[in-house]
Structure formats: C-alpha cells, structure tokens
Amino acid sequence: MGASAATAPRETSARIVIQAHEINHAYEASTGWSTALAHFNLEIPEGEFLCVLGPSGCGKSSFLRMLAGLMFPLEGSLLVHGEKIIGPGLDRAIVFQEAALFPWLTAAQNVGFGLEMAGWKKPQVRERVEHVLDIVGLSAAAGKFPYQLSGGMKHRVAIARAWAMTDAAVLLMDEPFSAIDAINRAGLQEHLVRTWLAEPRTVVYVTHDIEEAIYLADRIAIMTPSPGRVGAEIRIDLPRPRDRNSAAMAALKEEITAKMNEMERRA
Amino acid sequence: MTTALNAETLAAYTRARQIRERRRKIIRAAIGIAGLLGVWQAMSVYYDLDLILPPPTAVISDVIDTLLLRRPDPWLYGPSIYQHLLASFLRALTGFALAAALAIPTGLLVGRSTAVREFLEPVIRLLYPIPGIAWIPLAILWFGLTDKAVVFVVFIAEFFAMFFNTEAGARSINPVIIVAARCYGARGFTLVWRVILPASIPHIITGMRIALGGAWRMIVAAEMLAAKMGVGFVLMQARYQFRAADLMMAMILISVVGFGTEKLIVRTLERRTIGKWEVNR
Ligand SMILES: Nc1ncnc2c1ncn2[C@@H]1O[C@H](COP(=O)(O)OP(=O)(O)OP(=O)(O)O)[C@@H](O)[C@H]1O
Ligand SMILES: [Mg+2]
C-alpha cells in the first residue's frame, strides 16, 4: 500500500460529524460543584481519526460519555450530524477501557450483538461479523467464549464489535488499551490502524499517552488540565503505518510535550 | 538432556493421581457410611430396640423388597412405592417450577429497578421469616387435603431461595456490561432478556439448586400433614402402623431420590453454564 493511499482523506470540505460548542459541565459532589469541562469546543469531520489527549482528570471521559449519550452537558450543545444527542444510539459505537464483552456469548455473537439490536437479518449479521473478525485478525476465534481469549484478543473483539456497526457515524474509544502491558498495547495499536485502513471510520479516541496519540491520530485535540477544554490542535500528516522510532515522531512528541507542559504551567 | 518430561509421561502422572484420589475418596466415604451403619447396628442389637430402631440389615432388606415389589408382609400404603415417589416428585417439581416462574422475573426486576425494589422489598422481607411449614395449616384451609395445598407450600417455601439469589445476581452485574448493552441498542425487555437474565445465570442456578433440594424436603413435610399419597404420606402411615422399618425405608428413599436429583439435574446445569460465566469475573 502506497504512503499516500495510507494517509487520511483530507478534503477540508468533509462533512462535520460531531460538533461540540461551548460545552460547560460540572459534577455535583457532597463538597459542592466541581467543574470538569469549561468552554469546550471541537468539530470532527467525517473519516477523521481524532485523538483527545490530556492529563488525568481533565474531562476526556466526561466528553466521551456525553458523546455516547450516557450523560448530558449542563451547558452548551453537542451535535451528531447536526442533531442533539438524547441518549445512547446505534449511530455511535463505543469501546471501553475494559473489553466489556458479554461472557455468555462467543466472540462472533459479541460482535454481532449490536447488529442484531439494529434489526439486521441473521445472514447479513453473519456476513458482516465474519468480515470484521477477519479485519481484526480473529477469524479463528469466532466460536470462542471471552474466557477462552487473551486480554488482547478480548480488546480486539471489543473493537470488532464497534467496527461492525456500519451505521455508526462515529466510533468512540476511551483508553481502550490503557490496561494492557506495553508490548501487547503496541500490537493492538497496529491492529487498530490496520483495521482503520481497511475500513476508514470517524473515530474519537481518548488517551493520555502522547506516543499512542501520535501513532494513531490524523489530528490530536490536546486538552488543558481540569477544567478541560481543547487548548491546542495538532495535525499528524505522517503516512500510516507509522514508524514509532522515526525522527518525525520524536519531534512531534517533543512539540506536544512542550505544549502540554505550557498548559500545565498556565493552569 | 535425555529425560525430558514429555507430555505423555505427564499425562500418565495426572491419570495416576486422579485414580489415587478417586480411590481414596471412595474408601473414606465407605468407611464413613460403614461407621454409621455399625453404630446403628450396635445400638439396635445391644439395647434390643428392634421395634423402634430396627437394625440396618432389616431396613435395607425392607428397602430392597419394597423396590422389587416382593414384600413378604402386607403392603399397608395403597399404591406402589413408585407411585408414591412419583406423586411426591411431581408435586415438588410443580411447586419448584411455579416458584421459579415468579421468583426469577421478580428477582431480576427488584435487582435492577429501584422503583420495583422500593415497592416490593419490604413485602418480601416481611414474608421471608415465616417458615414454609407455618403455611401448611393455611394451605389446608384454602385448598383442603389436596395436591394444591402441598404444591402451594412448596411454592411459598422455595420462592425465597430463588428470589434472593436472582436478585443478588442481577444487582451484582458488572455495570460496564449493562452500559455496553445499552450503547449497542438493548433496552427494555430486550435488555432484560438478552443481557440481565444471562448475566445473572450463575446466581440463578445456585438459587435453583438450593430451591430444588428445599422443595424435596418441604414436600415431605407438607405431605405428612396434607396428603393422601406421596412419601410423606407413607412416612406418616408407617408411624400410625408402628412400622419403624418402613419408616426408615421411606427415609432412605427420600435421601436417594434427593441425592440423585441433585446430581443429575443440577450438576449438569451448573457444569454447562457456570464455568463459562464465572471464569470471566
Ligand atoms: N461521576 C462523577 N462525580 C463527580 N465527579 C466526577 C465524576 N466523574 C468525573 N468526575 C470529575 O470530573 C473530572 C473529569 O473526569 P473525567 O473522568 O472526565 O477525566 P479523564 O480525563 O477521563 O481522566 P482519566 O484520564 O483519569 O480517565 C475529574 O476531576 C473527576 O474527578
Ligand atoms: Mg477517563
């Protein structure tokens, strides 16, 4: 695959999938309110692999849970294809930090779960599940139950479950690999990139790992420390699959680290 | 590097160990049972208690004769022992099934819905301390000396085991599983049927195992008071007739049927489900 084919399609005219405008959010605790997001703005065009990068506690998961429809911003608007999010929906598919597979279903049944809920017919589900399992390299494990899979395989099934949802406008991932050891994590990231190249989708990927963000993203939205907002955006134009040890990566890492330190100081 | 531990040798070691362990278990069990029989025999003979504590030899031959339907003495209990056992078994099963049919859905709802819990939990907690046998007089008042009375008592008594286990199962589901299910489009009845129920299965099976054993015990108690047939009825008749050997024969059959049911039905169910679910927890 040529380098140019491997880069993201980048028409500036790409349709906007997600639009977060002036989101403010705070949690009410026994000690009073604590602000999690303040003046959070972000637009995500179709087909983009966006990483949301920020220090722990800056509100990344809060933003993702809002996108998933599991909670709602106190103020501001959050739109998918121009429509307000009113709850979980099949137009968004999610991958959690835990694989969160259904232990009583096989890998294939787990991947097909959302499609069945969406009312797909059995043969179509089977075809789509086979295809997606093939993309993530787990065809051989289709009939296995989660307890028969390694931690990494479970996460690939979880990714396949999200990817299977063809009608999902956006795939949401909240640090899906952060609980995995470094070596397996690198492998999973490669799988993810391969999957994305095989079938590009709009992805919002939350992480606090700078290298991971550089390895995966078309664009990185760097969040300020709490209360979080997008403090900087960086476009990563390197062709995929990327070389983790390249000078370009190192330079980007340095640039981003500097930016984050600067935000930390100003906070 | 000549004597590597190859797979075959290791498998042979495993087999040998398993045989050893099984044999040891059988021997110890036999010693335990023989001890009980020995004490029983000794008591019976030493104190000359033939009338109220017949020796195990007599009871065992009574069991065998009864099962082979070739008793030397007259059979005082109407239909054959198999009909009595079957009647009891079917009643126990019916009561158990009714209890399951109500307890499992209720348990799931109480476990997952705060509203349902706040409505129902006080009622259930108030009824729970009343023991199953305390319901027998009321059951007789309502249904007379019929199958229904017996089944009703079993139903009431076994409801709780299944309810509390199911509720605990539903309540302890990993929240991220529920969130995932909702994100992938499951809600309402589909969520209960496709996710909450299967996720609670290990607890439900535990509840069923306890309840099935309980149903068999309760059936005997209820039949002693409220039935004209069944093992409980045989027990009570044997007492009226002062036939200690028949009494103990019936008790042994109760044990055998209970033990067999537990082994056959429940263990199979457990093996088929729990492994799959719980390794992952
Ligand atoms: N349910 C909640 N109740 C109260 N405060 C919360 C709740 N969830 C999050 N917060 C607070 O809101 C802020 C943002 O939390 P959030 O989980 O979004 O951060 P995050 O960027 O995902 O952090 P991490 O990288 O550690 O996962 C934190 O200060 C956190 O303590
Ligand atoms: Mg988080």
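Everything below is about the structure printed above this text.
The following paragraphs examine the structure supplied in this document. (Residues numbered from 1 in each chain as written. Chains lettered and ligands numbered in written order. Predicted model: local features only at pLDDT ≥ 70, side-chain atom pairs only at ≥ 80, totals over all residues. Heavy atoms only, no water.)

**Considering the overall build of chain A**
Stage number 1. Looking only at helices and strands, chain A features eight helices and 10 strands.
Stage number 2. Rg of the C-alpha trace for chain A: 18 Å, near the compact-globule value of 18 Å for 267 residues, within the 12% margin.
Stage number 3. Taking the principal axes of its C-alpha atoms as reference, chain A extends roughly 55 × 45 × 40 Å.
Stage number 4. Residues classed as buried in chain A amount to 53% of the 267 residues present. (Helix = DSSP H or I, 4+ residues; strand = E, 2+ residues; numbered from the N terminus. Rg over C-alpha atoms; globule rule 2.2 N^0.38 Å. Buried < 20%, exposed > 50% of the residue type's maximum accessible area, 1.4 Å probe, protein only.)

**Details of the sheet that holds strand β4 (residues 75–80) of chain A**
Neighbouring strands of a sheet are bound in pairs by backbone hydrogen bonds; such pairs are parallel or else antiparallel.
Residue and element names in this part refer to chain A.
Stage number 1. Within the open sheet, the four strands sit side by side as β2-β1-β4-β5. Their pairing is antiparallel. Single-partner strands in this sheet number two, and they are β2 (32–45) and β5 (83–84).
Stage number 2. The pairing of β4 with β5 spans two bridges and is classified as antiparallel. Counted as the bridge partner of Val80 is Glu83 from β5. (Pairing = 2+ DSSP bridges.)

**Concerning the packing of aromatic side chains**
Stage number 1. Within this structure, the stated rule accounts for 20 aromatic pairs over all chains.
Stage number 2. With centroids separated by 6.0 Å and ring planes inclined at 70°, the aromatic side chains of Phe49 of chain A and Trp196 of chain A adopt a geometry described as edge-to-face. Taken together, the residues Phe49 of chain A in strand β3 (residues 49–53) and Trp196 of chain A in helix α6 (residues 182–198) connect sequence positions 147 residues apart. The burial state of Phe49 of chain A is the same as that of Trp196 of chain A; both residues are buried.
Stage number 3. Centre to centre, the rings of Phe159 of chain B and Phe163 of chain B are 5.7 Å apart; their planes meet at 10°, and the pair counts as stacked. Taken as a pair, Phe159 of chain B and Phe163 of chain B lie in helix α6 (residues 147–171) at a separation of four residues, close to a single helical turn. The pair Phe159 of chain B / Phe163 of chain B is uniform in exposure class, with both members buried.
Stage number 4. Chaining the aromatic ring pairs together yields one cluster made of Tyr128, Phe159, Phe160, Phe163 and Phe164 of chain B. (Phe/Tyr/Trp six-rings, centres within 6.5 Å; stacked < 30°, edge-to-face > 60°.)

**Side note on the nonpolar core**
Stage number 1. Val204 and Ile220 of chain A are the most contacted members of the largest nonpolar core, which has 158 residues in total.
Stage number 2. Every residue in contact with Ile220 of chain A, bar those within four places of it in the chain, is listed here: Cys51, Leu53, Ala213, Ile214, Ala232, Glu233, Ile234, Ile236 and Ile256 of chain A. (Core = buried A, V, L, I, M, F, W, Y, C linked by side-chain atoms within 4.5 Å. Contact = heavy atoms within 4.5 Å.)

**Thoughts on the state of the cysteines**
Residues and elements named next belong to chain A.
Stage number 1. A full pass over the atoms with the stated rule returns zero disulfides over all chains.
Stage number 2. Take Cys51: it sits in no disulfide, and the sulfur closest to it among the cysteines is that of Cys58, at 13 Å.
Stage number 3. Residue classification places Cys51 among the buried positions, given a relative accessible area of 0%. (Disulfide = S-S within 2.5 Å.)

**Looking at helix α9 (residues 231–240) of chain B**
Residues and elements named next belong to chain B.
Stage number 1. With respect to burial, α9 is a largely interior element, eight of its 10 residues being buried.
Stage number 2. Those residues of α9 that fall on the buried side of the exposure criterion are Val231, Gly232, Phe233, Val234, Leu235, Met236, Gln237 and Ala238.
Stage number 3. Phi turns positive one or two residues past the end of α9, at Phe242, with a value near 55°.

**Topic: the interface of chain A and chain B**
Stage number 1. Every contact between the two is made by 26 residues of chain A and, on the other side, 21 residues of chain B.
Stage number 2. Note on chain A versus chain B: buried area summed over both sides is about 2100 Å², and carbon and sulfur give 70% of it.
Stage number 3. Per-residue buried area on chain A facing chain B is highest for Trp104, Met117 and Tyr147 of chain A; these three make up 30% of the total on that side.
Stage number 4. At the boundary of chain A with chain B, the tally comes to one salt bridge.
Stage number 5. Ionic pairing is found between Glu116 of chain A and Arg194 of chain B, a salt bridge with its closest N-O pair at 3.0 Å.
Stage number 6. Taken together, the connections running from chain A to chain B amount to five residue pairs in polar contact (both at pLDDT 80 or more).
Stage number 7. At the level of secondary structure, the elements contributing two or more residues to the side of chain A that touches chain B comprise β6 (92–95), α3 (107–117) and α5 (151–163) of chain A. (Buried area = accessible area lost by both parts, 1.4 Å probe. Salt bridge = Lys/Arg side-chain N within 4 Å of Asp/Glu carboxyl O. Polar contact = N/O pair within 3.5 Å; in protein donor to acceptor, adjacent residues only side chain to side chain.)

**A look at a nonpolar patch on the surface**
Stage number 1. On the surface, Val39, Met43, Tyr46 and Tyr47 of chain B cluster together into a nonpolar patch covering about 480 Å² of accessible area.
Stage number 2. Mapped onto the fold, Val39 of chain B is located in helix α1 (residues 7–46). (Patch = residues over 30% accessible without salt bridge, like charges linked within 9 Å, V, L, I, M, F, W, Y side chains within 5 Å. Areas by Shrake-Rupley, 256 points an atom, 1.4 Å probe, with all protein chains shown as cover.)

**A look at the site of ligand 1**
Residue and element names in this part refer to chain A.
Stage number 1. Around ligand 1, the structure places Tyr27, Ala36, Ser56, Gly57, Cys58, Gly59, Lys60, Ser61, Ser62, Arg65 and Glu175.
Stage number 2. In the environment of ligand 1, an oxygen atom lies 2.7 Å from a nitrogen or oxygen atom belonging to the side chain of Lys60.
Stage number 3. One of the side-chain N or O atoms of Ser61 is found 2.7 Å from an oxygen atom in ligand 1.
Stage number 4. Against a free-state accessible area of 640 Å², the protein chains account for coverage of 61% of ligand 1. (Near = heavy atom within 4 Å.)

**A closer look at unusual backbone geometry**
Negative phi characterises most residues that are not glycine, and trans characterises most peptide bonds.
Residue and element names in this part refer to chain A.
Stage number 1. Cis geometry marks the peptide bond from Ser226 to Pro227, where omega comes out at -5°.
Stage number 2. Here Pro227 is to be found in the loop between β9 (219–223) and β10 (230–235).
Stage number 3. Note that the residue after Arg240, namely Pro241, is joined by a cis bond; omega there is -5°.
Stage number 4. Counting through the fold element by element, Pro241 comes out in the loop between β10 and α8 (247–266).
Stage number 5. Phi is positive for His39, which is not a glycine, with a value near 50°.

**Some remarks on a positive patch on the surface**
Residue and element names in this part refer to chain B.
Stage number 1. Taken together, the side chains of Arg20, Arg24, Lys25, Arg28 and Lys263 define a basic patch exposed on the protein surface.
Stage number 2. The element contributing the most residues to the positive patch is α1, with four residues.
Stage number 3. As for its placement among the helices and strands, Arg28 is situated in helix α1.
Stage number 4. Note on Arg28: relative accessible area 56%, which makes it exposed. (Lys, Arg positive; Asp, Glu negative; His and termini not counted. Charge placed at Lys NZ, Arg CZ, Asp CG, Glu CD.)

In short, the description is geometric, and any link to function would need to be established separately.
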